[in-house]
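Residue strings, one per chain:
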Amino acid sequence: MQFRDLKQQYHTLKAGIDKAILDVAASGAYVMGPAVVELERMLADYVGTRHCLSCASGTDALMLALKAWGIGHGDAVFVPDFTFFASAEAVSPVGATPVFVDVDRETFNINPADLENKIQATIREGELLPKVIMAVDLFGLPANYPAIRTIADNHHLLILEDGAQGFGGAVDGKRCCSFGDISTTSFFPGKPLGCYGDGGACFTDNDEWAALIDSYRMHGKGASKYENVRIGMNSRLDTIQAAILQVKLQAFDKELAAINKAAAEYTARLADIVETPAVPAGFRSSWAQYTIKLNSNAERNGLQAHLKGHGIPSMVYYPCPLHRQMAYRNSWQPESGCPVADNLCDTVLSLPIHPYISLGEITDVCNAIKTFLQRENGHQGESGQA
Ligand SMILES: *Cc1c(COP(=O)(O)O)cnc(C)c1O
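What comes next is a walk through the structure.

The rules behind the values
Residues numbered from 1 in each chain as written. Predicted model: local features only at pLDDT ≥ 70, side-chain atom pairs only at ≥ 80, totals over all residues. Heavy atoms only, no water. Near = heavy atom within 4 Å. Polar contact = N/O pair within 3.5 Å; in protein donor to acceptor, adjacent residues only side chain to side chain. Areas by Shrake-Rupley, 256 points an atom, 1.4 Å probe, with all protein chains shown as cover. 1 Å grid on protein atoms, 1.4 Å probe; cavity = no way out; pocket = protein on both sides within 12 Å on 5 of 7 lines; lining within 4 Å. Sits in = over half its atoms within 2 Å of the grid points. Helix = DSSP H or I, 4+ residues; strand = E, 2+ residues; numbered from the N terminus. Nonpolar A, V, L, I, M, F, W, Y, C, P; charged D, E, K, R; others polar. Points joined across faces, edges and corners; volume = space filled by probe spheres on them. Core = buried A, V, L, I, M, F, W, Y, C linked by side-chain atoms within 4.5 Å. Buried < 20%, exposed > 50% of the residue type's maximum accessible area, 1.4 Å probe, protein only. Contact = heavy atoms within 4.5 Å. Pairing = 2+ DSSP bridges. Axes fitted to C-alpha atoms, helices over the stretch in contact; angles between N-to-C directions.

A closer look at the site of the ligand
Next up, step 1: Taken together, 14 residues lie near the ligand, and G58, T59, D162, S186 and K191 sit nearest.
Next up, step 2: In the model, an oxygen atom of the ligand is placed 2.7 Å from a nitrogen or oxygen of the G58 main chain.
Next up, step 3: Separating an oxygen atom of the ligand from a side-chain N or O atom of T59 is a distance of 2.5 Å.
Next up, step 4: A total of 380 Å² of accessible area belongs to the ligand in isolation, and the protein chains cover 93% of it.
Next up, step 5: Of all the cavities here, the one that holds the ligand is the largest pocket.
Next up, step 6: Listed by contribution, the elements that provide at least two residues to the shell around the ligand are α3 (58-68) and α4 (86-89).
Next up, step 7: Classifying every residue of the shell around the ligand gives four nonpolar, eight polar and two charged.

Here we look at the layout of surface pockets
Next up, step 1: Roughly 490 Å³ of volume is contained in the largest pocket.
Next up, step 2: For the lining of the largest pocket, the secondary-structure elements that each account for two or more residues are α3 and α4.
Next up, step 3: Per element, the largest residue contribution to the lining of the largest pocket is three residues, and it comes from α3.
Next up, step 4: Residue composition of the lining of the largest pocket, grouped by class: eleven nonpolar, ten polar and four charged.
Next up, step 5: Contributing elements (two or more residues each) for the lining of the second largest pocket: α1 (6-27), α2 (34-47) and α8 (239-270).
Next up, step 6: With six residues, the single largest contributor to the lining of the second largest pocket is α1.
Next up, step 7: Its residues assigned to classes, the lining of the second largest pocket shows six nonpolar, four polar and three charged.

Thoughts on the nonpolar core
Next up, step 1: Of all hydrophobic cores here, the largest spans 54 residues; its most connected members are L43, F167, Y266, Y290, I292, L351 and I369.
Next up, step 2: Residue assignment for this core shows that the elements contributing at least two residues are α1, α2, β9 (200-204), α8, β11 (290-293), α9 (297-309), β12 (348-351) and α11 (359-385).
Next up, step 3: With 14 residues, the top contributor of residues to this core is α8.
Next up, step 4: When residues no more than four places from it in sequence are discounted, the contact partners of Y290 are A263, Y266, T267, L270, T276, P277, L349, S350, L351 and I353.

Remarks on the sheet that holds strand β3 (residues 97-101)
Next up, step 1: The seven strands are arranged β1-β9-β8-β5-β4-β2-β3 in an open sheet whose pairing can be described as mixed. Because the sheet does not close on itself, it has two edges, and the strands there are β1 (51-55) and β3. Strand-to-strand twist in this sheet, taken as the mean axis angle between neighbours without regard to direction, amounts to 25°.
Next up, step 2: Strand direction decides the pairing type here: β1 and β9, joined by five bridges, are antiparallel. Looking across to β9, one finds that L53 is bridged to C202.
Next up, step 3: Each of β2 (75-80), β3 and β4 (129-136) touches helix α5 (residues 112-125); the most contacted strand, β3, lies at about 135° to it.

Shown next as structure tokens:
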């Protein structure tokens, strides 16, 4: 069994993908070819923003957004403590400081009440100027944007949506990567919309920021390529990757329906025996991960070993909260910490899920989980009686 079966997807889309790759090879336009511009138009239309600017990775997309806003030394960017390292990592190269915010236990996403606390603590401390809220759509579920927007407006902060895992998610029909003042995504192969290497994109309705991102991604170009008006980066999406993504985007809605069906099958079988992921009313997840919560670290580790023994792959996303990462050991953080993120890192487990997973595979995973938990709870019962 595969954790995320990318080969099966390739097999299904093979004719279109092979042709797309060979067409680019024959065209000679390898960097910023026509497929890149076409893909950007398709993605902007899909998400519902005026602009889409592709780039070399999801990490670069976050950095490009921060650069376009002129975020730098002395600025605070509020980042959820429970996310992939890149969310925070993108903040540091521009000179700004990530301030870690605890997450909501039910949704795994940034907790608006703690966001307000951490903003207040940062203002009291007085060293950093609050500038940006980076909201992450973790595991495919959109963050709580109505609450985040209220807080952003009160404190005059910008919202940067890290939609690396969120592409395909939605709230009341409004799609992920349209919630931020600038939003970003990643096309890393395992993400909901993945290519065959690295890639990413920024989305915005703001013409001025779009023009700045376009400049920053190409060495700070001005009116022409060899007029450099600012220090930029070399961060472009390869034409071959754009061509592959066009084929995958056309299959995306069907895959999204299939992965939502798979998630519903898991929840139907598991909700009575383990804490399954919550999807608030009106929200749609793209199920970058299907993540359950166990009662303790020992139970989580025991279950993972049990599944492995049955040939079932599982992953711990994420084993370490960002505020405890060695790389940020010297970074100032509010004293209240992030206890929910600490607990989640000890107890979460992500199960195999992808659009091509079979009902038989889902049933096998659920049966293995049931066997393990019944044995565990049986032991507890025995010791309770003794
Ligand atoms: C994958 C990921 C990124 C980084 O994307 P890359 O394309 O790998 O650079 C950023 N944030 C989150 C939440 C991610 O999952």
